[in-house]
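# Remarks on the overall topology
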Amino acid sequence: MLCQRCHKNPATVRYAEVVDGKSVHQDLCAECLSRCKQDLSSVFTLGTAKPAVRGGPAPQRTVRRSRRVCPVCGTALERVAETAEVGCSACYTEFGQEIESVLEGLHRTLRHQGKAPRLDNSIARLCSDLQTKRVLLRSVLRAEDYEQAARLRDEIRGLESGLRLTEAGTD
Amino acid sequence: MAEELQAGRVPDWVGGTAPDQWTALVSHCTLARNLSDFAFPSRCGEEERHAIEARALDAFERINLFGSGRYHASAHMDGLAWQFLGERRIASREMLQGPPIRGVYLADGQDFGIMVNGSDHIVLRALAGGMALRDAWTRANTVDDGLASLLGFAWQERLGYLTSRLGMVGTGLRASVLLHLPAINLLGAVEDAAARIRHRGVELFGVAGAGYGATDASFWSGDAPPPGLPPEAANEAPGLQCLLTDLEGAVCTAPKSAVGNLYLLVNQETLGVSEEEILFRVGHAAVEISQEEERSCALLMKRGALDIEDRAARAMAVARGARLLGFGEALELLSALRLGAALGLARGLSPHKLTEALLSAQASHLVLGRGAGSDPRSLAIERAKLFRETFSA
Ligand SMILES: [Zn+2]
Ligand SMILES: [Zn+2]
């Protein structure tokens, strides 16, 4: 479905506002949404454009202007709602419910069908260690603990070179 | 730059033997993937972007991609080079202007590419001429398997591949076909056709042209709109004059704003539908719409074959005679010629020749491939020359 304001970009978000006591909504693209929101109302509705042919109104959640932020990447929930984009894989867990309500509007079901990556086991372990350390690194950097950060960086470098050796071994 | 990008080379997909190349120009399969241990590119600092790029290049090396292609890092590319990769349908629009430390792997045949640090860490794109989604998918899938064995991709049992756009999560796959639908459009039936397939999770968009949406006009010096462009295009950045792509396969607009009778058929759903089902649905819808185009052609021929022949003959006369040719007008000419040739009303034209002319008429192709100056007037002169050479009797 195309954005109902510019009729150019695909609509990703359903925007609702209260006008004269009545709620009106439009399916918008991210650009038009941010233009709309320059005159803020205190409550906005998070939902998504859903082709009318699939029947029924799009699922909607009313979200108080939320200050929630992903602890890993710092992306605000509000921004996720506006753009239908997330900042990292942890956003999917952090904003689970809200994201699912957007996904319901965009896709058939919330159950993946299709291929899965086949990763070598020892590489998988190293990758998940790296993942943990990178998350830690971000949070100590935010806390401005540079000593810790330096230590973590060294550990990450060590793991990275271990990863390269392991990969080489699988050739 | 022109040599590194092989600007003079015709991409392999243009010569394909897939069926129905009058209507279906090219099929794209695009796969978005992310490494599990980094935030998505938009939230990464330089240090992380470097690490992601290094990990990606290391994996490309291991699965032997550099035997048949090379990596173009943003540090060594200017706006023109980026636009060229966009015009070749390999680099998507947001790659053209992203933050530093990004790049594109381009296979020698120019029918396969991998974007690094664009919307997602890794985006694979395979192209195949005509209606050939299966061919494009097979190549993208093989490289994806190779990379997946070396790189920890972000994946969940329930949501599949995690992508930066919620609209891509699941398979991370966009399968699309670029269609030329002049007859359906002349009969005013594009919206109806789009409505008929929408419930299957497949959308028919118009292809946006002439610089819509992209903004990097800084390296273009001219300020007057090139001759031949429709007025709305004159408001856009004057230099772009090309068809860019997005993860969908083209920059999409409403069907009524399509340029050159070009449309993109693409899956909208990526979660809850398998890759096979997506390919089947898009492929099936493409065949259906192509058959409708055929029926519409027959109807137009019955109503007035002379009118179509007249359009094609006039287009040919302009193509052979023009001294200044804007991109918008070039698209219209190519469309009239393609329709005429498909119906046997214009001789000596193959779909390959017309598709090649469409690629070559774009701005950075004219500059890098033919040495044109980059101001609008020089482009119009060079484009007219290209058409006189291509279509001379
Ligand atoms: Zn819009
Ligand atoms: Zn996050």
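Everything below is about the structure shown above.
For the structure given in this document, a descriptive report is provided here. Chains are numbered independently. Their residues run from 1 in the order of the written sequence. Chain letters start at A and ligand numbers start at 1, both assigned in the order the entries are written. It should be noted that, the model being predicted, local features are given only for residues of pLDDT at least 70 and side-chain atom pairs only at 80 or more, the latter also being counted only at that level, while totals for whole chains, interfaces and linings use all residues. With hydrogens and water excluded, all non-hydrogen atoms of the structure serve as input to the side-chain values.

## Let's talk about the environment of A:Gln26
The helix and strand labels rest on DSSP assignments: H or I over at least four residues marks a helix, E over at least two residues marks a strand, and numbering proceeds from the N terminus. Position of A:Gln26 relative to the elements: it lies in strand S2 (residues 22-28). Relative accessibility decides the category of a residue: with a 1.4 Å probe and only protein chains considered, values under 20% of the type maximum give buried, values over 50% give exposed, and everything between is partly exposed. For A:Gln26, a relative accessible area of 24% gives the class partly exposed.

## A short note on the pairing of strand S8 (residues 173-180) of chain B
Residues and elements named next belong to chain B. Burial of S8 is extensive: eight of the eight residues sit out of reach of the surface. Both faces of S8 are covered, namely the face carrying Leu-173, Ala-175, Val-177 and Leu-179 and the face carrying Arg-174, Ser-176, Leu-178 and His-180. In short, DSSP must find at least two bridges between two strands for them to pair. Two strands pair when backbone bridges link them, and strand S1 (residues 24-33) and S8 are joined in this way by seven bridges, in the antiparallel orientation. Within S8, the residue paired with Val-26 across the bridge is Leu-178. Here five bridges tie S8 to strand S11 (residues 262-267), and the two strands are oriented antiparallel to one another. Paired with Leu-179 across the strands is Tyr-263, a residue of S11.

## Digging into the packing of helix H7 (residues 275-321) of chain B against helix H11 (residues 376-391) of chain B
Helix packing for two helices is described by the angle between their axes and how far apart those axes are. Residue and element names in this part refer to chain B. Orientation is described by lines fitted to C-alpha atoms, with helices fitted over the stretch in contact, and by angles between N-to-C directions that extend from 0 to 180 degrees. The N-to-C vectors of H7 and H11 enclose an angle of 115°; their axes lie 6 Å apart at closest approach. Taking contact as the criterion, the partners of Met-316, Ala-319, Arg-320 and Gly-321 in H7 are, on H11, Phe-387, Arg-388 and Phe-391. For this scheme, ten residues count as nonpolar: Ala, Val, Leu, Ile, Met, Phe, Trp, Tyr, Cys and Pro. Four count as charged, namely Asp, Glu, Lys and Arg, and the remainder, Gly too, count as polar. Each residue belonging to the contact of H7 with H11 can be placed in one class, and the counts come to four nonpolar, one polar and two charged. By the convention used here, residues are in contact when the closest approach between their heavy atoms is within 4.5 Å.

## What about helix H9 (residues 351-360) of chain B?
Residues lying three or four places apart along an α-helix face the same way, a consequence of the helix completing one turn every 3.6 residues. Counting buried positions over the 10 residues of H9(B) gives seven, a clear majority of the element. Among the structural elements, S1, helix H2 (79-87), S11, helix H8 (327-342), helix H10 (363-370) and H11 of chain B are those in contact with the buried residues of H9(B).

## Some details on the coordination of the zinc ion (ligand 2)
All names here are of chain A. The donor set covers N, O and S atoms within 2.8 Å of the metal, switching to 3.2 Å for Na, K and Ca, and it leaves out water, so a site may look short of donors. Looking at the zinc ion (ligand 2), the protein donor atoms are Cys-70 (SG), Cys-73 (SG), Cys-88 (SG) and Cys-91 (SG), and they sit 2.3 to 2.4 Å from it. By the criteria applied here, four donors are tetrahedral when all angles lie between 85 and 135 degrees, four are square planar and six octahedral when opposite donors are over 155 degrees apart and every other angle lies between 65 and 115, and any other arrangement is irregular. One way to put it: the four donor atoms around the zinc ion (ligand 2) meet at angles of 100 to 123°, and that makes the site tetrahedral. Overall, Cys-73 belongs to the buried group, its relative accessible area being 5%.

## Description of the pattern of salt bridges
We define a salt bridge as a contact between a side-chain nitrogen of Lys or Arg and a carboxyl oxygen of Asp or Glu at a distance within 4 Å. Tallied over the entire structure, the rule returns 30 salt bridges over all chains. B:Glu94 is the salt-bridge partner of B:Arg165, the closest N and O atoms lying 3.4 Å from each other. In this pair, B:Arg165 is assigned in the loop between strand S7 (160-161) and S8 and B:Glu94 in the loop between H2 and strand S3 (103-107), connecting sequence segments 71 residues apart. A relative accessible area of 26% places B:Glu94 in the partly exposed class. Between B:Glu389 and B:Arg370 there is a salt bridge, with its nearest N and O atoms 3.3 Å apart. Of this pair, B:Glu389 sits in helix H11 while B:Arg370 sits in helix H10, and the two are 19 residues apart along the sequence. Accessibility expressed as a relative area gives 45% for B:Glu389, which makes it partly exposed. For B:Arg370, a relative accessible area of 27% translates into the label partly exposed. Here the salt bridges share partners, and the residues they tie into one network are A:Arg108, B:Glu269, B:Glu277 and B:Arg281.

## Digging into the interface of chain B and chain A
Put simply, an interface is often sized by how much accessible area is lost when its parts join up. With 63 residues of chain B at the interface, the matching set in chain A holds 54 residues. In this description, buried area is defined as the sum, over both parts, of the accessible area (probe of 1.4 Å) that is lost when the two are combined. Across the chain B/chain A interface, buried area totals approximately 4,900 Å², and carbon plus sulfur atoms make up 51% of it. When the buried surface of chain B facing chain A is broken down by residue, B:Arg43, B:Arg158 and B:Leu166 rank first, second and third, together holding 15% of it. Our count for the chain B to chain A interface comes out at eight salt bridges. A salt bridge links A:Lys115 to B:Asp145; its shortest N-O distance comes to 2.8 Å. Residues adjacent in sequence count toward polar contacts only when both atoms are side-chain atoms; beyond that, a polar contact is any pair of N or O atoms within 3.5 Å, and within protein one must be able to donate a hydrogen and the other to accept it. Summed over the shared surface of chain B and chain A, the number is 24 residue pairs in polar contact (both at pLDDT 80 or more). Listed by contribution, the elements that provide at least two residues to the side of chain B that touches chain A are helix H1 (46-62), helix H3 (133-150), strand S6 (155-156), S7, strand S9 (202-207), strand S10 (252-253) and H7 of chain B. Looking at the side of chain B that touches chain A residue by residue, the class counts come to 25 nonpolar, 18 polar and 20 charged.

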